[in-house]
Amino acid sequence: HHHQQQQQQQQQQQHPSGAEVPTGPPPTQSRPYAPPSAHSGDQSLAPPGQGMERKFSARSAHTLDRLWDFEQQFEEIDATTASIVDAFRSGVLQSGKARDDLAQLEARLDKLQCDGIDSIDTFELKTGKDQARAHRKALTKRAEEIHGRMEEAFATFKEGAQAA
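Below you will find a few notes about this structure. (Residues numbered from 1 in each chain as written. Predicted model: local features only at pLDDT ≥ 70, side-chain atom pairs only at ≥ 80, totals over all residues. Heavy atoms only, no water.)

1. A look at the overall build of the protein
Each helix and strand in the protein was counted, giving four helices and zero strands. Ordered by position from the N terminus, the helices and strands of the protein form the series α-α-α-α. A fraction of 74% describes how many contacts in the protein between residues 6 or more apart in sequence connect residues 24 or more apart. Of the roughly 10,700 Å² of accessible surface on the protein, a fraction of 51% belongs to carbon and sulfur atoms. (Helix = DSSP H or I, 4+ residues; strand = E, 2+ residues; numbered from the N terminus. Contact = heavy atoms within 4.5 Å. Areas by Shrake-Rupley, 256 points an atom, 1.4 Å probe, with all protein chains shown as cover.)

Here's what the structure looks like:
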């Protein structure tokens, strides 16, 4: 019995920010999916991996962590796409260079989609299955939106090349 008490004390030490603290964001599950605002440094959107151990199995936590990581990479790709278009419009980038930069970005997005999102298997998950599925679906939609913006940008660069 004494041994169990020791274990409980150790667990309490490991989680000083225990669940009884009322402040902070609501549990991840109840929050509707919303991509974090790009580079705002808003700490309330901490990666789901933090403090997740109590709710999810290790496998689910790992999968959700990976999805979160992909989401941040998507944000970065999206922001970079926008900055390439801005640089082109303001005359900083020539259409050829803008096209090359965007093509590299698109390749990265495709790789992220194929090797990343599509390789995530939610089938064996139990505790985090629904959340992982929803997140993966949202990321797939996000990838399609970014692709759409990239296509528009390519068209813009093409017009720019012809106008030059």
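Additional details are given in the paragraphs that follow.
2. With respect to the pattern of salt bridges
Inspection of every chain in the model, using the stated rule, returns eight salt bridges. Two residues, Arg142 and Glu75, come together in a salt bridge whose shortest N-O distance is 3.0 Å. Taken together, the residues span a long stretch of sequence, with Arg142 in helix H4 (residues 129-163) and Glu75 in helix H2 (residues 58-89) at a distance of 67 residues. The class of Arg142 is buried, set by a relative accessible area of 10%. The class for Glu75 is buried, based on a relative accessible area of 8%. (Salt bridge = Lys/Arg side-chain N within 4 Å of Asp/Glu carboxyl O. Buried < 20%, exposed > 50% of the residue type's maximum accessible area, 1.4 Å probe, protein only.)

3. Considerations on the environment of Glu71
If you trace the backbone, Glu71 turns up in helix H2. For Glu71, a relative accessible area of 1% gives the class buried. When the C-alpha atoms of Glu71 and Leu112 are compared, they prove to be 9.9 Å apart, with 41 residues separating the residues in sequence.

4. With respect to the environment of Thr140
By secondary structure assignment, the location of Thr140 is in helix H4. Residues Thr140 and Asp118 lie 22 residues apart in sequence; the distance between their C-alpha atoms is 8.5 Å.

5. Quick look at helix H3 (residues 95-116)
The end-to-end C-alpha separation of H3 is 30 Å, in line with the 32 Å expected for 22 residues at 1.5 Å each. Those residues of H3 not exposed but buried are Ser95, Ala98, Asp101, Leu102, Leu105, Glu106, Leu109, Leu112, Gln113 and Gly116. Buried residues of H3, seen end-on, are gathered within an arc of 140° and therefore sit on one face of the element. Of the exposed residues in H3, the ones pointing more than 90 degrees away from its buried face are Gln104 and Lys111. (Expected span 1.5 Å × (residues − 1). Arc of directions from axis to C-beta.)

6. Notes on the nonpolar core
Formed by 28 residues in total, the largest nonpolar core has its most connected members in Phe74, Ile77, Ile84, Leu102, Leu109, Met150 and Phe157. Elements with a contribution of two residues or more to this core: H2, H3 and H4. When residues in this core are grouped by element, the largest group, 10 residues, is from H2. Excluding residues within four positions of it along the chain, Leu109 makes contact with Phe74, Ile77, Ala143, Ile146, His147 and Met150. (Core = buried A, V, L, I, M, F, W, Y, C linked by side-chain atoms within 4.5 Å.)

7. Observations concerning H2
Its 32 residues place the ends of H2 47 Å apart at the C-alpha level, agreeing with the 46 Å of an ideal helix rising 1.5 Å per residue. Two residues or fewer past H2, Gly91 is found with a positive phi of approximately 85°.

8. Brief notes about the packing of H2 against H3
Interaxial distance between H2 and H3 falls to 10 Å at its minimum, and their mutual angle equals 165°. In terms of axis orientation, H2 runs roughly antiparallel to H3. You can see that H2 and H3 cross each other, and the crossing is left-handed. Contacts between H2 and H3 pair Arg66, Phe70, Gln73, Phe74, Glu76, Ile77, Thr80, Thr81, Ile84 and Phe88 from the former with Ser95, Ala98, Asp101, Leu102, Leu105, Arg108, Leu109, Leu112, Gln113, Asp115 and Gly116 from the latter. Split into classes, the residues belonging to the contact of H2 with H3 amount to 10 nonpolar, six polar and five charged. (Axes fitted to C-alpha atoms, helices over the stretch in contact; angles between N-to-C directions. Parallel < 35°, antiparallel > 145°, perpendicular 65-115°, else oblique. Left-handed = near helix turned anticlockwise from the far one by under 90°. Nonpolar A, V, L, I, M, F, W, Y, C, P; charged D, E, K, R; others polar.)

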